Amino acid sequence: MQVEVVKSKIHRVKVTGADLNYIGSITIDTALMEASNIIEGEKVSIVNVNNGERFETYAIPGTRNSGEICLNGPAARKVHQGDIVIIISYGIMDFEEAKSFKPSIVFPNENDNSLT
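Reference entry: report on the structure contained in this document. Worth saying up front: this structure is predicted, and the values here are computed from it rather than measured.

Focus on the sheet that holds strand S3 (residues 25-29)
Thought 1: Spatially, the 8 strands line up as an open sheet ordered S2-S6-S3-S5-S4-S7-S1-S8, and their pairing is mixed. Every interior strand has two partners, whereas the edge strands, strand S2 (17-19) and strand S8 (104-106), have only one. Sheet twist, expressed as the mean angle between neighbouring strand axes with direction ignored, is 30 degrees.
Thought 2: Taken together, the 3 bridges between strand S1 (residues 2-14) and S8 define a ladder with parallel strand orientation.

Details of the environment of Phe101
Thought 1: Tracing the sequence through the fold places Phe101 in the loop between helix H2 (95-100) and S8.
Thought 2: By relative accessible area, Phe101 is classed as partly exposed at 28%.
Thought 3: Taking the C-alpha atoms as reference points, Phe101 and Val6, 95 residues apart in sequence, are found 9.3 Å from one another.
Thought 4: When neighbours within four sequence positions are excluded, Phe101 is seen to be in contact with Val5, Val6, Lys7 and Met93.

Details of the nonpolar core
One recurring pattern in soluble globular proteins is that nonpolar side chains are buried together.
Thought 1: In terms of nonpolar packing, the biggest core is built from 19 residues, with Ile28 and Ile87 touching the most fellow members.
Thought 2: Excluding residues that lie within four positions of it along the chain, Ile87 makes contacts with Ser8, Lys9, Ile10, Val13, Ile26, Ile28, Ile38, Val44, Ser45, Ile46 and Ile69.

Notes on the side chain of Asp29
Thought 1: Along the chain, the position of Asp29 falls in strand S3.
Thought 2: At 6.1 Å, Arg64 is the nearest oppositely charged side chain to Asp29, a buried residue that forms no salt bridge.
Thought 3: Polar side-chain contacts of Asp29 include one of 2.7 Å to the backbone nitrogen of Ala31.
Thought 4: In terms of polar contacts, Asp29 uses its side chain to reach the backbone amide nitrogen of Ser66, at 2.9 Å.
Thought 5: The residues touching Asp29, leaving out its near neighbours within four places in the chain, are Gly62, Thr63, Arg64, Asn65, Ser66, Gly67 and Glu68.

Thoughts on unusual backbone geometry
Among all residues except glycine, the phi angle is most often negative; among peptide bonds, the trans geometry is most common.
Thought 1: A positive phi angle is found at Arg12, which is not glycine, with a value near 60 degrees.
Thought 2: With respect to the helices and strands, Arg12 occurs in strand S1.
Thought 3: In this structure Arg12 comes out as partly exposed when scored by relative accessible area, which is 28%.

Scoring rules and cut-offs
Residues numbered from 1 in each chain as written. Predicted model: local features only at pLDDT ≥ 70, side-chain atom pairs only at ≥ 80, totals over all residues. Heavy atoms only, no water. Pairing = 2+ DSSP bridges. Helix = DSSP H or I, 4+ residues; strand = E, 2+ residues; numbered from the N terminus. Axes fitted to C-alpha atoms, helices over the stretch in contact; angles between N-to-C directions. Buried < 20%, exposed > 50% of the residue type's maximum accessible area, 1.4 Å probe, protein only. Contact = heavy atoms within 4.5 Å. Core = buried A, V, L, I, M, F, W, Y, C linked by side-chain atoms within 4.5 Å. Lys, Arg positive; Asp, Glu negative; His and termini not counted. Salt bridge = Lys/Arg side-chain N within 4 Å of Asp/Glu carboxyl O. Polar contact = N/O pair within 3.5 Å; in protein donor to acceptor, adjacent residues only side chain to side chain.

These results come straight from atomic positions and should not be treated as a statement about function.
Next up, the structure:
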């Protein structure tokens with residue numbers, strides 16, 4: 001049997017931008033992507049702490065150490081600059097493997113989205 005489990009999580013980061021006219025996706029500071037083990041093009045779930053919106057998109061890398069978290073395309077309508085979001089990705093694995101799997105979870109500074 002296989003189960004879907006949390007693989008990666010960026011917990012409580014501040015939205016720095018929303019670009020309705022971009023093709024789509026979420027731009028994430030490359031340092032945050034690497035720390036959380038999220039790769040370019042990976043499907044992610046976004047949970048907006050401010051308004052309860054939950055939606056899916058895919059990750060694209062932003063400028064390293066910029067703190068950038070920008071929702072692009074239609075997803076831009078579900079956030080406002082300054083909102084706090086949680087970014088989650090999931091993986092499918094064998095049930096027994098999942099019992100001991102440890103996800104990559106990061107807790108950035110909510111003021112500037114830095115890892116320090």
